[in-house]
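Observations on the three-dimensional arrangement
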Amino acid sequence: MAHVSASVYTSHVPAIGVAIDLGKTDEPYWRPVFDGYQPSRKWIAEQIPDVIVLVYNDHATSFSLDMIPTFAIGTAARFEVADEGWGPRPVPPVIGHPALAAHIAQSVIQQDFDLTIVNKLDVDHGLTVPLSLMFGQPDKWPCPVIPLAVNVVQYPAPSGRRCLELGKAIGRAIASFDEPLDVQIWGTGGMSHQLQGPRAGLINSKFDQDFLDQLIAEPERLAATPHIEYLREAGSEGIELVMWLVARGAMADVAGGSAPTVRHRFYHVPASNTAVGHLILE
Amino acid sequence: MPLDKPYLDVPGTTIFDADQSRKGYWLNQFCMSLMGADNRLRFKADERPYLDEWAMTEEQKLAVLSRDMNRMISLGGNIYFLAKIGATDGLSFQQMAGSMTGMSEDDYRQMMIGGGRPIDGNRYTHEWETAGAGDDDDNDAGADR
């Protein structure tokens with residue numbers, strides 16, 4: 001049977017992708033960010049999973065206002081890297097895992113989560129920046145990736161509770177897949193940031209650190225945090241953090257298993273407009 | 001019964017909810033068209049006729065022409081869509097975000113390096129009213145509704 005071996009959490013700031021693509025990672029501004037991911041790259045090199053389920057949000061790339069699915073799963077064999085307006089990032093295409101993705105879709109819908117199934121999906125920085133942070137600049141990504149897109153662009157995003165419960169359903173779906181796959185689930189976006197209006201530039205380190213503490217130790221309590229608290233305390237775009245709860249919900253302890261081990265924790269301000277947070281639970 | 005919108009009380013912030021999305025549909029869809037390189041060229045060559053191809057309001061068109069990001073947001077624009085205009089102009093996300101704060105590009109960058117805009121004093125609209133910040137009414141959530 002397949003199983004979830006670890007969960008990885010990280011911000012997906014587009015400027016981080018630009019810094020990697022333009023070879024700026026050693027500049028004084030960027031160095032602390034990338035230093036914070038060195039232990040993670042070492043960790044993952046020793047345990048490349050068979051598949052990653054990557055929870056992210058599309059930023060007006062594949063989903064315009066014509067269609068706004070709250071939860072969408074990419075079931076294709078391959079996902080192209082999108083041109084977001086600056087030209088596509090020079091990174092490899094993302095290879096999917098149609099068999100596991102189809103299994104998750106069918107299982108999760110039968111658990112009352114009405115996922116949108118997407119067979120054609122170009123992926124943007126929300127998905128590719130986490131891959132670059134963890135894997136650097138390989139010629140091809142080391143394993144298949146199943147994109148799981150969450151709407152956090154048009155309010156309201158799904159609630160934290162709903163995200164955690166979806167993660168639990170995905171965990172059950174993975175556990176019922178016949179092949180013995182080692183699966184990681186990644187939650188991306190955040191941490192505190194606001195990209196619009198006169199309040200742009202908001203950062204709330206206290207909120208972010210509390211969020212990390214609770215994500216590790218008290219996910220059920222964290223899931224009760226209402227939207228207004230994210231918006232007010234973590235900025236209008238800080239609401240992306242609900243996506244971390246999807247990944248957290250897929251970990252065994254939430255379903256009565258043993259507590260995960262914190263392999264790495266990192267926090268840095270700023271990357272462009274954003275607080276960078278990162279966590280690995282195994 | 002009207003929907004509860006507690007986020008109208010967050011200063012200097014417009015939440016892109018269903019009402020904003022409805023108002024901004026064509027503005028945002030125009031922005032999506034800038035994801036194609038050919039359209040970016042055509043828009044930059046002559047902006048006004050390009051805008052006239054879209055069912056946007058005159059106000060929205062004027063806000064785009066003057067690159068008034070706060071105005072575009074208040075008229076239903078969403079930052080991730082408006083970012084396509086910034087990309088067409090060769091601006092970074094930091095330049096775009098900073099342009100909405102009334103700060104210079106360098107001051108904004110320095111604020112971010114210094115830890116960002118603090119949360120204290122920036123949670124509720126009444127905190128801005130008493131502090132005299134957020135001087136442009138247009139920028140407040142709901143001012144245009």
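Everything below is about the structure shown above.
Here's what I pulled together on the structure shown here. (Residues numbered from 1 in each chain as written. Chains lettered and ligands numbered in written order. Predicted model: local features only at pLDDT ≥ 70, side-chain atom pairs only at ≥ 80, totals over all residues. Heavy atoms only, no water.)

1. Focus: the interface of chain A and chain B
The condition that has to hold: Only heavy atoms enter the contact rule, under which two residues are in contact if any of them lie within 4.5 Å. In short, buried area is how much 1.4 Å probe accessible area vanishes from two parts on joining, totalled over both. Polar contacts, as counted here, are pairs of nitrogen or oxygen atoms within 3.5 Å of one another; within protein the pair requires one atom able to donate a hydrogen and one able to accept it, and residues that are adjacent in sequence qualify only if both atoms are side-chain atoms.
The interface is formed by 41 residues belonging to chain A together with 52 residues belonging to chain B. Carbon and sulfur atoms make up 60% of the area that chain A and chain B hide from each other, which totals about 4000 Å². For chain A, the biggest contributors to the area lost against chain B are Leu65(A), Pro198(A) and Arg232(A); these three give 18% of the whole. Our enumeration of links across chain A and chain B arrives at 26 residue pairs in polar contact (both at pLDDT 80 or more).

2. So, empty space enclosed by the protein
Where we set the bar: Definitions used for this entry: grid spacing 1 Å over protein atoms alone; cavity, a set of points where a 1.4 Å probe fits but cannot get out; pocket, an open set with protein on both sides within 12 Å along at least 5 of 7 lines; lining residue, one with an atom within 4 Å of a point. Grid points are joined across faces, edges and corners, and a volume is the space filled by probe spheres set on the points. Under the scheme applied here, ten amino acids are nonpolar (Ala, Val, Leu, Ile, Met, Phe, Trp, Tyr, Cys and Pro), four are charged (Asp, Glu, Lys and Arg), and all others, including Gly, are polar.
Under the counting rule described, the total for this entry stands at 3 cavities of 30 Å³ or more. Roughly 210 Å³ of internal volume is contained in the largest cavity. The wall of the largest cavity is formed by 19 residues, among which Val153(A), Ser236(A), Glu237(A), Phe16(B) and Asn78(B) lie closest to the centre. Across the lining of the largest cavity, the residue classes break down as 11 nonpolar, 6 polar and 2 charged.

3. Quick notes on unusual backbone geometry
All names here are of chain A. Condition: A helix here means a DSSP run of H or I that spans at least four residues, while a strand means a run of E at least two residues long, and both kinds are numbered starting from the N terminus.
Residue Pro156 is reached from Tyr155 by a cis peptide bond, and omega for that bond is 0°. As for its placement among the helices and strands, Pro156 is situated in the loop between strand 7 (145–150) and helix 6 (160–175). Cis geometry marks the peptide bond from Gly190 to Met191; its omega dihedral reads -5°. Looking at the element boundaries, Met191 is found in the loop between strand 8 (182–188) and helix 7 (205–217).

4. Some thoughts on the sheet that holds strand 10 (residues 274–281) of chain A
Residue and element names in this part refer to chain A. Quick reminder of the rule: Following DSSP output, two strands are said to pair if at least two bridges run between them. Working convention: axes come from line fits to C-alpha atoms, limited for helices to the stretch in contact. Angles between N-to-C directions cover 0 to 180 degrees.
Spatial ordering of the open sheet is given by 6-3-7-2-8-1-10-9, a layout of 8 strands whose pairing is mixed. Edge positions in the open sheet fall to strand 6 (116–118) and strand 9 (262–271), since each of these has one partner strand only. Adjacent strand axes in the sheet meet at a mean angle of 20°, parallel and antiparallel pairs treated alike. Both strand 1 (residues 3–10) and strand 8 contribute to a ladder of 7 bridges, which runs parallel. Opposite Val4, over in strand 8, you have Val183 as the bridge partner. On top of the sheet, helix 4 (residues 98–110) reaches strand 2 (51–56), strand 3 (71–74), strand 6, strand 7 and strand 8; it is set at about 150° to strand 3, its chief contact. Docked against the sheet, helix 7 engages strand 1, strand 9 and strand 10, running at close to 165° with respect to strand 9.

5. What about helix 9 (residues 227–234) of chain A?
Since one α-helical turn is 3.6 residues long, residues separated by three or four positions face the same way. Residue and element names in this part refer to chain A. As a reminder, the rule being used: Exposure is judged per residue with a 1.4 Å probe applied to protein chains only, and the accessible area is read against the type maximum: over 50% gives exposed, under 20% gives buried, and values in between give partly exposed.
Of all 8 residues in helix 9, 7 are buried; the element is thus mostly enclosed. Listed as buried for helix 9 are His227, Ile228, Tyr230, Leu231, Arg232, Glu233 and Ala234. Taken together, the buried residues of helix 9 touch helix 7, helix 8 (219–222) and helix 10 (242–249).

6. Notes on the side chain of Glu233(A)
Position of Glu233(A) among the secondary structure elements: in helix 9. The buried category is assigned to Glu233(A), whose relative accessible area is 15%. In this structure the side chain of Glu233(A) is engaged in a polar contact, spanning 2.7 Å, whose partner is the side chain of Arg123(B). When residues no more than four places from it in sequence are discounted, the contact partners of Glu233(A) are Leu202(A), Asn204(A), Phe207(A), Ile119(B) and Arg123(B).

7. A closer look at helix 3 (residues 38–45) of chain A
Residues and elements named next belong to chain A. Put simply, the rule is: Comment: arc refers to directions from the helix axis out to C-beta atoms.
Ser40, Trp43 and Ile44 are the residues of helix 3 that are buried. An end-on view of helix 3 places all buried positions within 90° of arc, on one side of the element. Every exposed residue of helix 3 that faces more than 90 degrees away from the buried side is listed here: Lys42 and Ala45. In this structure, the buried residues of helix 3 make contact with strand 1, helix 5 (125–135), strand 8, strand 9 and strand 10.

8. Notes on the pairing of strand 10 of chain A
Residue and element names in this part refer to chain A. Among the 8 residues in strand 10, 8 count as buried, and that is most of the element. Burial of the side chains of strand 10 extends over both faces: Thr274, Val276, His278 and Ile280 are buried on one face and Ala275, Gly277, Leu279 and Leu281 on the other. Pairing analysis gives 4 bridges linking strand 1 to strand 10, with the strands arranged antiparallel. Across the sheet, the residue bridging to Thr10 is His278, located in strand 10. When strand 9 meets strand 10, the two strands line up antiparallel, connected through 7 bridges.

9. Some points on the layout of surface pockets
Space left empty within the atom packing is revealed by a probe, the size of a water molecule, rolled over the atoms. Its boundaries defined by the atoms lining it, the largest pocket holds a volume of some 980 Å³. Forming the boundary of the largest pocket are 42 residues, of which Pro14(A), Ala15(A), Val18(A), Ser92(B) and Phe93(B) lie nearest the centre. With 6 residues, the top contributor of residues to the lining of the largest pocket is helix 1 (residues 14–21) of chain A. Across the lining of the largest pocket, the residue classes break down as 18 nonpolar, 15 polar and 9 charged.

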